[in-house]
Amino acid sequence: FDGRASAIASASARMFRAIGLGKVLDEHGGAIGGIRVTDGLSPLHLHFDASEADAGPLGYMVENRLLRVALLDAGRAAAGIGLHAPARAAGIARGDNGVTVTLGDGTVLTAPLLIAADGRKSVLREDAGIRSSRWTYPNVALVTMIAHTNDHGGIAAELFYPSGPFAVLPMQDRHRSAIVWTVDAVDAPGMLKLGPRGLAAELATRTGGYLGEIEVIAPVASYPLSFHHAESYVADRLALIGDAAHGIHPIAGQGLNMGLRDVAALTEVLVDGVRLGMDLGAPALLERYDRWRRVDNMAVAAATDTLNRLFAVRGRGAAAVRRLGLAGVQRLAPLKRRFMAEARGETGDRPRLLQGELV
């Protein structure tokens, strides 16, 4: 338990249910009934209400440790999956006829395709010579969990301050929320030295007191913020997914869902390949996956980066423009519905798994 939790958007939740993992959402997920976006504590706001679309919650907040347990248990129980962990790849050879991986204990694995899901510092991506666009932000994300006396009402709050977004994310317990607080990197060491009571007081100030009395109930973890995007998601008999392919600012909580959409798309591409009797490492299949996901991910990455930079502009004039903009979108129903669909992950060319259908 380290206090971290993730937002599973409604489209990603449909995939979880389709593959038999709906139980973790129903038993441990906090349903997100609405998202409220403000510039600081301004009364002008943009509010997404799940009931307006009559399509269920906008998503679910679930502790990362519970997601990991559910996925590992399902993997162990599934036919056709071999789990080698802990393990180290002592050697990897990608050739014309397939991939061979030799583990540290001498075990040799072979397959037509290697999928790199080894994170932001992907060794497989670097070994394949795939370059990335990348930069760092002058900020750090502080992540923790709080208990509070007032009911959060299932509402996720995204309050934008000059140092970055301050997110309050509703957990299943109506008096518990996850916090993702973006601060200037120079201020992070001081924030981390605050005791639980001092930190609770800072959090109460940032929220304007709407949660009532606050208690910090998890260790505070800090994460430097950066951006990267691979110039290609594929190489010879190799496909990148998740953070191995892209990493974005945590604004709007889209990072994990981008990775889950990668999984859904790559699954559909490979299943279609099996049905056609194709080699699963065939360039045609990998190119289809690359085209499908890179365009969508580039759009989301660009939008989150632009949004972060827009709200980072300091000054009363900039703040006034942002606040009027949020209030304006609140009154424009078609634009508001579009943004809500984006938050749900329900735009663009969606893989069948994200529509709740098995491929």
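Fair warning: this is a prediction, and the values are worked out from it, not measured in the lab.

A. Helix 1 (residues 10–18), seen in detail. Taken across its 9 residues, helix 1 has 7 buried, putting it largely inside the fold. Taken as a whole, helix 1 has its buried residues at Ser10, Ala11, Ser12, Ala13, Met15, Phe16 and Ala18. Residues of helix 1 that are buried sit in contact with strand 1 (5–9), helix 2 (22–28), strand 5 (59–63), helix 3 (64–77), helix 7 (255–275) and helix 10 (333–344). Looking one or two residues past helix 1, glycine 20 carries a phi angle of roughly 85°, positive in sign.

B. Molecular detail of the nonpolar core. If you look at the biggest cluster of nonpolar residues, it comprises 32 residues, and the most contacted ones within it are Ile35, Leu58, Met61, Leu169 and Ala178. When near neighbours in sequence (up to four residues on either side) are disregarded, isoleucine 35 contacts Leu46, His47, Phe48, Leu58, Ala156 and Ala343. Listed in part, the 25 residues of the second largest apolar core include Val101, Leu238, Val269 and Leu286.

C. Just the packing of helix 1 against helix 7, in detail. Interaxial distance between helix 1 and helix 7 falls to 10 Å at its minimum, and their mutual angle equals 45°. What the angle tells us is that helix 1 and helix 7 run oblique. Once helix 1 is placed against helix 7, the crossing between them reads as left-handed. Within the contact between the two elements, helix 1 uses Ser12, Met15 and Phe16 and helix 7 uses Asn257, Leu260 and Ala264.

D. Summary view of the environment of serine 177. Considering the arrangement of structural elements, one finds serine 177 in strand 13 (residues 176–184). Serine 177 has contacts with Thr144, Met145, Ile146, His148, His152, Val168, Leu169, Pro170 and Met171, leaving out every residue within four places of it along the chain. A distance of 2.8 Å separates the side chain of serine 177 from the side chain of histidine 148, its partner in a polar contact.

E. Summary view of the side chain of lysine 336. By secondary structure assignment, the location of lysine 336 is in helix 10. Within the local environment of lysine 336, its side chain forms a polar contact with the backbone oxygen of histidine 47, the two atoms lying 2.9 Å apart. Among the polar contacts listed, one links the side chain of lysine 336 to the side chain of glutamine 330, at a separation of 3.5 Å. Lysine 336 has contacts with Leu46, His47, Phe48, Glu52, Val329 and Gln330, leaving out every residue within four places of it along the chain.

F. Spatial organisation of the packing of aromatic side chains. Across all of its chains, the model carries 4 aromatic pairs by this definition. Consider the rings of phenylalanine 166 and tryptophan 181, whose centres lie 5.7 Å apart with planes at 70°: the pair is edge-to-face. Taken together, the residues span a long stretch of sequence, with phenylalanine 166 in strand 12 (residues 164–170) and tryptophan 181 in strand 13 at a distance of 15 residues. Between tyrosine 233 and tyrosine 289, the aromatic rings sit 6.3 Å apart at their centres with planes inclined by 45°, giving tilted as the arrangement.

Thresholds applied
- Residues numbered from 1 in each chain as written.
- Predicted model: local features only at pLDDT ≥ 70, side-chain atom pairs only at ≥ 80, totals over all residues.
- Heavy atoms only, no water.
- Buried < 20%, exposed > 50% of the residue type's maximum accessible area, 1.4 Å probe, protein only.
- Helix = DSSP H or I, 4+ residues; strand = E, 2+ residues; numbered from the N terminus.
- Contact = heavy atoms within 4.5 Å.
- Core = buried A, V, L, I, M, F, W, Y, C linked by side-chain atoms within 4.5 Å.
- Axes fitted to C-alpha atoms, helices over the stretch in contact; angles between N-to-C directions.
- Parallel < 35°, antiparallel > 145°, perpendicular 65-115°, else oblique.
- Left-handed = near helix turned anticlockwise from the far one by under 90°.
- Polar contact = N/O pair within 3.5 Å; in protein donor to acceptor, adjacent residues only side chain to side chain.
- Phe/Tyr/Trp six-rings, centres within 6.5 Å; stacked < 30°, edge-to-face > 60°.

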